[in-house]
Amino acid sequence: MCKGITFNIQKFSIHDGPGIRTTVFLKGCPLKCQWCSNPESQLEKIQILCDHDKCLKCQTCLRNCPVQAIYFEDQKIKFHFDRCIGCLQCVDMCPVDALSNEGEYQSVDEIVAVCKQDMDFYEESNGGVTISGGEGMSQPLFLKKLIAALKKENIHIAIETTGYIAENIFQDLAKQFDLLLFDVKHYDRSRHFEYTGVYNDLIITNLKWAIAQGIEVLPRIPVIPGFNDTLDDARQLAELLKEVNASRVQLLPFHQFGEKKYTLLIKEYKYKNVEMLHPEDLKDYQQEFIKKGLDCFI
């Protein structure tokens, strides 16, 4: 049976495409954005989280790990995630539930069954299912089967994508979606690499191809302090969108909803204490896109 690895299925989503939606979060992402609000999505395997406020430092987990993936350093439990096999013995044996896990293998049928529970809401609101992550296309074989099963139920399907996928895989999958919510993070390839770990050439190529094919594409720009938040950035991003023949764009103000996750994953968060942005903060930024003739909303 084909299974994919998910880390959440969120019902009644209203920000991930039209109408009321069910958002299926798949694990695995080729980007390592410094502001990522779902850092648990980046690794395509089960991950262990530790709440150090609960941890007794008893090291029961360390002693019982069958692959020595846990160690004790600086008075904290830490993990070799490359060694972890996801057996969850450490989670099961923790006496105070300080350990938890992100990631679960699920079949297509299991996910579709959850999505179908809200068919009435989809029909009333013109909603559907959105694939998110991570990068949903990083599990292409599973995703293809999931799309086919959802289409049999006549469910509208969208995907939130980074666009950083091999062209042949992207072109095979993209045309099967009703809507691509396509992240566009920066116009400058070096700046893009510095903050995300990848260059933007492939992303722009895939974006241009999808629009040229007549696929419904909504470019979305996460506006991030110190990365792409100046008016000059807005002008250059607007120019890029005009070059690829985009007509609409959505701005996503920077938020701090994922900050706690970095602590649980024992990862450095480079945007700690950076103030959130609000829609009213982006009015001038928005105008730069409108000046270029783009339908820009927040």
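A brief report on the enclosed structure follows. All figures in this text were calculated on a predicted structure; none of them were measured in a lab.

Reading guide: rules and limits
Residues numbered from 1 in each chain as written. Predicted model: local features only at pLDDT ≥ 70, side-chain atom pairs only at ≥ 80, totals over all residues. Heavy atoms only, no water. Helix = DSSP H or I, 4+ residues; strand = E, 2+ residues; numbered from the N terminus. Buried < 20%, exposed > 50% of the residue type's maximum accessible area, 1.4 Å probe, protein only. Phe/Tyr/Trp six-rings, centres within 6.5 Å; stacked < 30°, edge-to-face > 60°. Lys NZ or Arg CZ within 6 Å of the ring centre and 35° of its normal. Expected span 1.5 Å × (residues − 1). Arc of directions from axis to C-beta. Salt bridge = Lys/Arg side-chain N within 4 Å of Asp/Glu carboxyl O. 1 Å grid on protein atoms, 1.4 Å probe; cavity = no way out; pocket = protein on both sides within 12 Å on 5 of 7 lines; lining within 4 Å. Points joined across faces, edges and corners; volume = space filled by probe spheres on them. Nonpolar A, V, L, I, M, F, W, Y, C, P; charged D, E, K, R; others polar. Pairing = 2+ DSSP bridges. Axes fitted to C-alpha atoms, helices over the stretch in contact; angles between N-to-C directions.

To continue, consider the environment of Asn126. Looking at the secondary structure, you find Asn126 in the loop between α4 (119–125) and β8 (128–132). Placed 57 residues apart in sequence, Asn126 and Ala69 show a C-alpha to C-alpha distance of 46 Å.

Let us look at unusual backbone geometry. A cis geometry characterises the amide bond from Gly133 onward to Gly134, with omega recorded as 10°. Within the secondary structure, Gly134 sits in the loop between β8 and α5 (140–152). Positive phi is not limited to glycine here, since Gln75 has a value of about 60°. By secondary structure assignment, the location of Gln75 is in the loop between β4 (70–73) and β5 (76–79). A positive phi angle is found at Asn154, which is not glycine, with a value near 60°. Taking relative accessible area as the criterion, Asn154 reaches 71% and is therefore assigned exposed.

Let's shift gears to the packing of aromatic side chains. What characterises a pair of aromatic rings is the spacing of the ring centres plus the angle enclosed by the ring planes. Per the counting criterion, the structure on display carries 12 aromatic pairs. Seen in terms of ring centroids, Phe79 and Phe81 are 5.6 Å apart; in terms of plane orientation they differ by 25°. Their pairing is stacked. Judged by its relative accessible area of 11%, Phe79 falls in the buried class. With a centroid separation of 5.4 Å and an interplanar angle of 50°, the aromatic rings of Phe254 and Tyr271 are classed as tilted. Within this pair, whereas Phe254 is found in the loop between β12 (248–253) and α10 (259–265), its partner Tyr271 is found in the loop between α10 and α11 (283–291), the two being separated by 17 residues in sequence. An aromatic cluster is present here, built from Trp35, Tyr195, Phe227, Phe254 and Tyr271 joined pairwise through their rings. A cation over a ring is seen here: Arg189 above Tyr199, with NZ or CZ 4.1 Å from the ring centre.

Once that is clear, we can look at the side chain of Glu40. Within the secondary structure, Glu40 sits in the loop between β2 (21–26) and β3 (47–50). Classification of Glu40 as buried rests on a relative accessible area of 4%.

Turning our eyes to something else, we now look at α5. Taking 1.5 Å per residue as the helical rise, α5 with its 13 residues ought to reach 18 Å, and the 18 Å between its terminal C-alpha atoms agrees with that figure. Taken as a whole, α5 has its buried residues at Phe142, Leu143, Leu146, Ile147, Ala149 and Leu150. Taken down its axis, α5 places every buried residue within 165° of arc, on the same side. Along α5, the residues that are exposed and aim more than 90 degrees away from the buried face are Leu141 and Lys152. One or two residues past the end of α5 sits Asn154, with phi positive at roughly 60°.

Taken as a whole and assessed by the stated rule, the structure comprises 14 salt bridges. As a salt-bridge pair, Lys78 and Asp74 come within 3.5 Å of each other at their nearest N and O atoms. Classification of Lys78 as buried rests on a relative accessible area of 16%. On the basis of relative accessible area, Asp74 is assigned to the exposed category, the value being 61%. One salt bridge in this structure joins Glu194 and Arg191, with 3.6 Å as the shortest N-O distance. One end of the pair, Glu194, and the other, Arg191, are both in helix α7 (residues 189–196), 3 residues apart, so they sit about a helical turn from each other. Among the charged side chains, a salt-bridge network with shared partners connects Glu73, Asp74 and Lys78.

Let us now look at empty space enclosed by the protein. Tallied over the entire structure, the rule returns 3 cavities of 30 Å³ or more. For the largest cavity, the calculated volume is near 100 Å³. Lining the largest cavity are 16 residues, and of these Cys65, Ala69, Ile70, Cys84 and Cys90 sit closest to its centre. The residue inventory of the lining of the largest cavity, partitioned by class, reads 12 nonpolar, 4 polar and no charged. Volume-wise, the second largest cavity comes out at about 60 Å³. Cys55, Leu56, Lys57, Cys58, Thr60, Cys61, Ile77, Cys94, Pro95, Val96, Ala98 and Leu99 are the residues that line the second largest cavity. Here the lining of the second largest cavity is composed, by residue class, of 10 nonpolar, 1 polar and 1 charged.

Attention now goes to the sheet that holds β8. Taken together, the 9 strands give an open sheet; going across it, the order is β7-β1-β2-β8-β9-β10-β11-β12-β13, and neighbouring strands pair in mixed fashion. Whereas interior strands pair on both sides, the edge strands pair on one side only; in this sheet they are β7 (104–107) and β13 (295–297). Taking the axes of each pair of neighbouring strands and ignoring which way they run, one obtains an average angle of 30° across the sheet. Both strand β9 (residues 156–161) and strand β10 (residues 179–183) contribute to a ladder of 4 bridges, which runs parallel. Paired with Glu160 across the bridge in β10 is Leu181.

These figures come from the coordinates and say nothing about function on their own.
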